[in-house]
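The chain contents come next:
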Amino acid sequence: MISVSNLSYAFKIGKKDKENVVPVLHDVHLHVAKGEIVAIVGRSGSGKSTLLNLISGFIRPEIGEITIGGTKVSGLTESKWAEFRLNHLGFIFQSFQLIPSMTAYENVEFPLVLKGVNEKDRKEKTLEMLKRVGLEPYQNHYPGELSGGQQQRVSIARALVLNPPLILADEPTGSLDSENERELLNFIKELNEDYGITFLMITHDHEVASIAHRKVEIVDGYLKEGRMLHEVQR
Amino acid sequence: MKFKDKHRFVRSNMKKNRTRVWMTILASTIGCAFLIMLASVGFAIHKTAIDDVMSYRMMNEIQIQKENSMLEENDVKKLEQIKGVKAVTRKKYTPANQLSIDEYNTYADVKSAHMPSEEKAGFELEKGRLPQSKNEIVIGYHFAENLRKDAPKNFLEGLSEEEAQKKMKELSYKGDLLNKTITYHMKTDNQNVKVDEQAKTLEVKIVGIGKKPTKEWAMDNYVFITEDLYKEVFSILGEQDPELEAAENNYSEVNVYTASADEVKAVSEKIEKLDYLTYSVVSELKELNIYFTLFKAGLIFIGAIAVLIASIGIFNTMTMAVTERSQDIGIMKAIGATPKTIKRIFLLESGYIGLWGVGLGTILAYVISYGVNFALPIIIEQFINEKPPEDFILSYIPWSLTVISVTICMGVTLLSGWRPAAKATTVDVLKALRRDV
Ligand SMILES: Nc1ncnc2c1ncn2[C@@H]1O[C@H](COP(=O)(O)OP(=O)(O)OP(=O)(O)O)[C@@H](O)[C@H]1O
Ligand SMILES: [Mg+2]
């Protein structure tokens, strides 16, 4: 599903003449198979988000190659990337990232609107997704009128509405209490088992045990793979 | 994203900042209305000038003159040879102008006219026929009105100008003049010549009356006499005024007519090659048009500055909208909105502001224009106590002006919305997503 090879990344900070280069990722190789749930772990500042942002196309790699579902995405133009995200990727963010001026219904519907789906199908699909995350009664609420857990369910409904084969999540449970966290992880597991959706997510160790098939760790920008896998299987 | 969805999205965004959006629209409205109003004054003056020029002359008419001498018969012959000339009318001014019937008396504009040419040039009769023998004449439509009894003493005393005009009509000849014989007084209008009261008279018969002029204000008080009668008149007057002899063969007015206005230019050039001076409405209009086109362009330019100022408002509003919504933009981009979609959304928003501004501005301009044209004559009458000229307009908005203004306003609007829209596409997804963490 995902194939990352030779990926290195460095942030450039400061003005052009006094540019400072901050290397973050070094020669990363990562393969995620279809139907896998892979957790990325590591210390704060180790480069987890940077890796995920590269795979999401939010930042562009200068060295290395990223392929998703057979498409070499690392060379795509900005608008091709946007199209690719719309059609192939779902996102779950730690802070939900709902559009505050839109109701829960409109937020979930938005990817369908972007894609140009007709109104009838849009309504059907949106309501189906809201029902699936148990928020049908809250469809006309604005994000500010929903609890954290409810907001995250709206954002998951939005991520799923176009049936993406891959979902990328940066600390999806980071803003949730333990009950909501457990619920969300179960839901992810269910989606993975029932629909074969692949997950690549950044989490903390203790959550991962319950659902991830495999763990990769980033240590100071270097990727160390597979350590947890045996533990999980055991 | 379908256009319909973009439209809906933009509308809901605009509703969120209703006051700001409406103030921006208001600025555009004022800018656009100002542009149209200012230019409309130029268009009105131009129109008045053109109407003025065209009202008392015909489009296919070329007036002919010679630089240092008067035109004579051989000139007319030459002009008649030119290709494209439909008719050459020629008139000789007659120094005897007084005519009378019973106690009614008038001083008319008596001219000899070559009737066949007049007819070819488009002269038409209200009733009667053209002269066939020497002492037959054709009179203008208003001849009878000007044929008046002598006014009794103090007849007009204490009357305003308007009332006096009405009262004068009471003195006018009331009956039908067709086929009446009237008296033509052989008395020259040269004031240096003293003539005894018993000057000779001729009896002439009115056989035709000219058509009513198309212009409301025109007064046709001419008398066309035959060229034979003209000769007789001259021989009689010559006895009183020896100076006249030299003028007998001079045409006072020679006009060339073409089949249509389009040919005027070509025919004028040919005539000028023969060393005549020409003057036509077409040539005058050309000069007039050049002058007024520049004038109008200047006014449009000044008006466009107002639109430009209004567009700064649009620029600000859109820049603010982009800044305020940068988090939304980031989320939209993260989910999969292309830069093109983002740009279109913001261009659409500035476009709507512009459309509203232009629409309301145009309507406002029409309303003001109508109001000014309606109210100004009244105001002038009130304060200066003088009637403004008929058909007076201060503001005229032809379709072309509306089209030009709408184009300028929409163009400026789209230009001013362009940068903010472009800026929206450069919103950094990560920065935007991080904002509320
Ligand atoms: N926009 C940026 N400009 C410059 N440096 C950055 C930028 N974003 C991240 N970095 C740097 O890159 C390194 C990796 O950051 P990253 O966000 O990937 O860490 P992380 O593993 O996700 O940490 P955390 O668990 O705290 O979220 C950090 O040292 C950070 O200072
Ligand atoms: Mg992170």
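Throughout, residues of each chain are indexed from 1 in the direction in which the sequence is written. By the order in which they are written, chains take letters starting at A while ligands take numbers starting at 1. The predicted origin of the model limits local features to residues at a pLDDT of at least 70 and limits the giving and counting of side-chain atom pairs to 80 or more, whereas totals for whole chains, interfaces and linings rest on all residues. Side-chain numbers here rest on the full set of heavy atoms in the structure, without hydrogens or water.

### Re the domain arrangement of chain B
- The domain boundaries assigned to chain B delineate domain 1 (3-54 + 287-433) and domain 2 (61-259).
- On a C-alpha basis, the centres of domain 1 of chain B and domain 2 of chain B stand 57 Å from each other. All domain edges in this entry derive from an automatic or database-based domain assignment.

### Observations concerning the interface of chain B and chain A
- If you look at the interface, chain B gives 25 residues, while chain A gives 28 residues.
- Across the interface of chain B and chain A, roughly 2200 Å² is buried in total on both sides, 61% from carbon and sulfur atoms.
- When two components associate, each loses some accessible surface as probed by a 1.4 Å sphere; the sum of these losses over both components is called the buried area. The largest share of the area that chain B buries against chain A comes from M1, I335 and L430 of chain B, three residues that together contribute 25% of it.
- Note on definitions: salt bridges are taken to be side-chain nitrogens of Lys or Arg within 4 Å of carboxyl oxygens of Asp or Glu. Where chain B touches chain A, the interface holds four salt bridges.
- The partner of R8 of chain B in a salt bridge is E119 of chain A, with the nearest N and O atoms 3.4 Å apart.
- By the criterion applied in these results, polar contacts are pairs of N or O atoms within 3.5 Å in which, for protein atoms, one can donate a hydrogen and the other can accept it, and in which residues neighboring in sequence qualify only through two side-chain atoms. The tally of links from chain B across to chain A stands at ten residue pairs in polar contact (both at pLDDT 80 or more).
- Working definition: helices are DSSP H or I runs of at least four residues, strands are E runs of at least two. Numbering for both runs from the N terminus. Mapped onto the side of chain B that touches chain A, the elements with two or more residues apiece are α1 (3-16), α10 (326-335), α11 (339-384) and α13 (429-434) of chain B.
- If one sorts the elements of the side of chain B that touches chain A by residue count, α10 of chain B sits on top with seven residues.
- Residues that form the side of chain B that touches chain A fall into these classes: twelve nonpolar, five polar and eight charged. It only takes one pair of heavy atoms within 4.5 Å for two residues to be counted as in contact. Throughout, the ten residues Ala, Val, Leu, Ile, Met, Phe, Trp, Tyr, Cys and Pro are labelled nonpolar, Asp, Glu, Lys and Arg are labelled charged, and all others, Gly among them, are labelled polar.

### Remarks on the environment of M1 of chain B
- One can find M1 of chain B in the segment before α1.
- Using a 1.4 Å probe on the protein chains alone, a residue whose accessible area is under 20% of its type maximum counts as buried, one over 50% counts as exposed, and one in between counts as partly exposed. Residue M1 of chain B is classed as buried on the basis of its relative accessible area, which comes to 18%.
- Residues M1 of chain B and F155 of chain B lie 154 residues apart in sequence; the distance between their C-alpha atoms is 85 Å.
- With residues near it in sequence (within four places) discarded, M1 of chain B still touches F110, V113 and L114 of chain A together with K6, F9, T341 and I345 of chain B.

### Here's the deal with the sheet that holds strand β5 (residues 71-72) of chain A
Residues and elements named next belong to chain A.
- The strand order across the open sheet built from four strands is β2-β1-β4-β5, with neighbouring strands paired in antiparallel fashion. Two strands in the sheet have a free side with no partner beyond their single neighbour: β2 (20-32) and β5.
- Here the rule is simple: two strands pair whenever DSSP picks up at least two bridges between them. The pairing of strand β1 (residues 2-13) with β2 spans nine bridges and is classified as antiparallel. Bridge pairing in β2 places K12 opposite V21.

### Thoughts on the side chain of S40 of chain B
Residue and element names in this part refer to chain B.
- One can find S40 in helix α2 (residues 18-55).
- S40 sits in the buried class, given a relative accessible area of 0%.
- Here M37 takes part through its backbone oxygen, which lies 2.7 Å from a polar atom of the side chain of S40.
- S40 has contacts with L394, S395, Y396, I397 and L401, leaving out every residue within four places of it along the chain.

### With respect to the UniProt feature "transmembrane region" (unreviewed entry) in chain B
All names here are of chain B.
- Here, UniProt's "transmembrane region" (unreviewed entry) annotation points to residues 290-315, 353-380 and 392-415.
- For the annotated span residues 290-315, helix accounts for 100% and strand for 0% of the residues, and the straight-line distance between the end C-alpha atoms is 36 Å.
- Secondary structure across residues 353-380 comprises 100% helix and 0% strand; the distance between its end C-alpha atoms is 38 Å. UniProt positions are given in the numbering used here, feature names are shortened, and annotations may be inferred rather than shown by experiment.

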